[in-house]
Amino acid sequence: AAASAAPAAPGGEGCPVACAGEEVVTEAEGLRLHLSNQTKTGYKGVSRRSLSIAHGEPERFLFLAHRKVGPRGTARSVCLGSFDTAVEAAVAYAKA
C-alpha cells in the first residue's frame, strides 16, 4: 500500500512512533489518515501496547485502533482491532 510521509512527526523530536522505527504518514491505501499530536502514536484513535517481555529484547509494540461511538458525553470506545503497525491501525480508524 502506498503511503505519503508527513513532513514532521506529530510531537516533534523524540516522538515515540519514530523511536519505534515507524514514520508517521498522512495517507495510506488511498485514505487520508487522522493525525494527532496528542497521542504517542501520532494518529487519532490509535494506541500502542508493549509486547516486550524479556529484559534486553528490543522493544516491540502492538497497535490498537479504537473509535468512540454514541452521543457526546455518553460515547463509549469500541476496539476496531489490533495491528502490527500504527499505520495499519490508523487505516482501520479512517475506514470506520
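S.K.: Which parts of the structure should I look at to understand the sheet that holds strand β4 (residues 46–50)?
M.R.: As a general point, the strands of a sheet are linked pairwise by backbone hydrogen bonds and lie either parallel or antiparallel. Strand order in the open sheet formed by three strands is β4-β5-β6, with antiparallel pairing between adjacent strands. A single partner strand is all that each edge strand has here, and the edge strands are β4 and β6 (76–83). Averaged over all adjacent pairs, the angle separating strand axes in this sheet is 30 degrees, with direction ignored. With five bridges connecting them, β4 and strand β5 (residues 61–69) associate as antiparallel partners. When the sheet's bridge partners are listed, S47 is paired in β5 with L64. Its contacts with the sheet place helix α2 (residues 86–95) against β4, β5 and β6, and it is angled at close to 15 degrees to β5.

S.K.: What's the story with unusual backbone geometry in this structure? I'm lost.
M.R.: The phi angle of most residues is negative, glycine excepted, and most peptide bonds adopt the trans form. At E29, a residue that is not glycine, the phi angle is positive and equals roughly 50 degrees. Judged by its relative accessible area of 45%, E29 falls in the partly exposed class.

S.K.: How should I be thinking about the packing of aromatic side chains in this particular structure?
M.R.: Aromatic ring pairs are described here by two measures, namely the spacing of the ring centres and the angle between the planes. Counting across every chain of the model gives one aromatic pair. Plain terms: the ring middles of F61 and F63 are 6.2 Å apart, the flat faces sit at 55 degrees to each other, and that makes the pair tilted. Given the relative accessible area of 4%, F63 is considered buried. The ring of F61 is capped by R48, whose NZ or CZ atom sits 4.0 Å from the centre of that ring. For the cation-ring pair, R67 lies above Y93, with the distance from its terminal atom to the ring centre recorded as 4.1 Å.

S.K.: Explain the pairing of β5 here, please?
M.R.: Two faces, one strand: in a regular strand the side chains alternate between the faces of the sheet. Pairing of β5 with β6 involves seven bridges; the strand directions are antiparallel. Its bridge partner lying in β6, H66 is registered against C79. Hairpin remark: β5 followed by β6, antiparallel, with six residues in the connecting loop; positive phi at G70, about 110 degrees.

S.K.: So what exactly am I meant to see when it comes to the nonpolar core here?
M.R.: As a rule of thumb, soluble globular proteins bury nonpolar side chains together. By size, the foremost hydrophobic cluster in this structure holds 17 residues, and its most contacted members are L33, Y43, V46, F63, V87 and A89. Of all the secondary structure elements, the ones that give two or more residues to this core are β2 (25–28), β5 and α2. Not counting chain neighbours up to four residues away, the residues in contact with L33 comprise V25, T26, E27, A28, Y43, V87, A90, V91 and A94.

S.K.: How should the environment of A86 be read in this particular structure?
M.R.: Among the secondary structure elements, A86 is positioned in helix α2. Distance in space between the C-alpha atoms of A86 and S47 is 8.0 Å, their sequence separation being 39 residues. With sequence-adjacent residues up to four places away left out, A86 is seen in contact with E22, Y43, V46 and F63.

Cut-offs and rules
Residues numbered from 1 in each chain as written. Predicted model: local features only at pLDDT ≥ 70, side-chain atom pairs only at ≥ 80, totals over all residues. Heavy atoms only, no water. Pairing = 2+ DSSP bridges. Helix = DSSP H or I, 4+ residues; strand = E, 2+ residues; numbered from the N terminus. Axes fitted to C-alpha atoms, helices over the stretch in contact; angles between N-to-C directions. Contact = heavy atoms within 4.5 Å. Buried < 20%, exposed > 50% of the residue type's maximum accessible area, 1.4 Å probe, protein only. Phe/Tyr/Trp six-rings, centres within 6.5 Å; stacked < 30°, edge-to-face > 60°. Lys NZ or Arg CZ within 6 Å of the ring centre and 35° of its normal. Core = buried A, V, L, I, M, F, W, Y, C linked by side-chain atoms within 4.5 Å.

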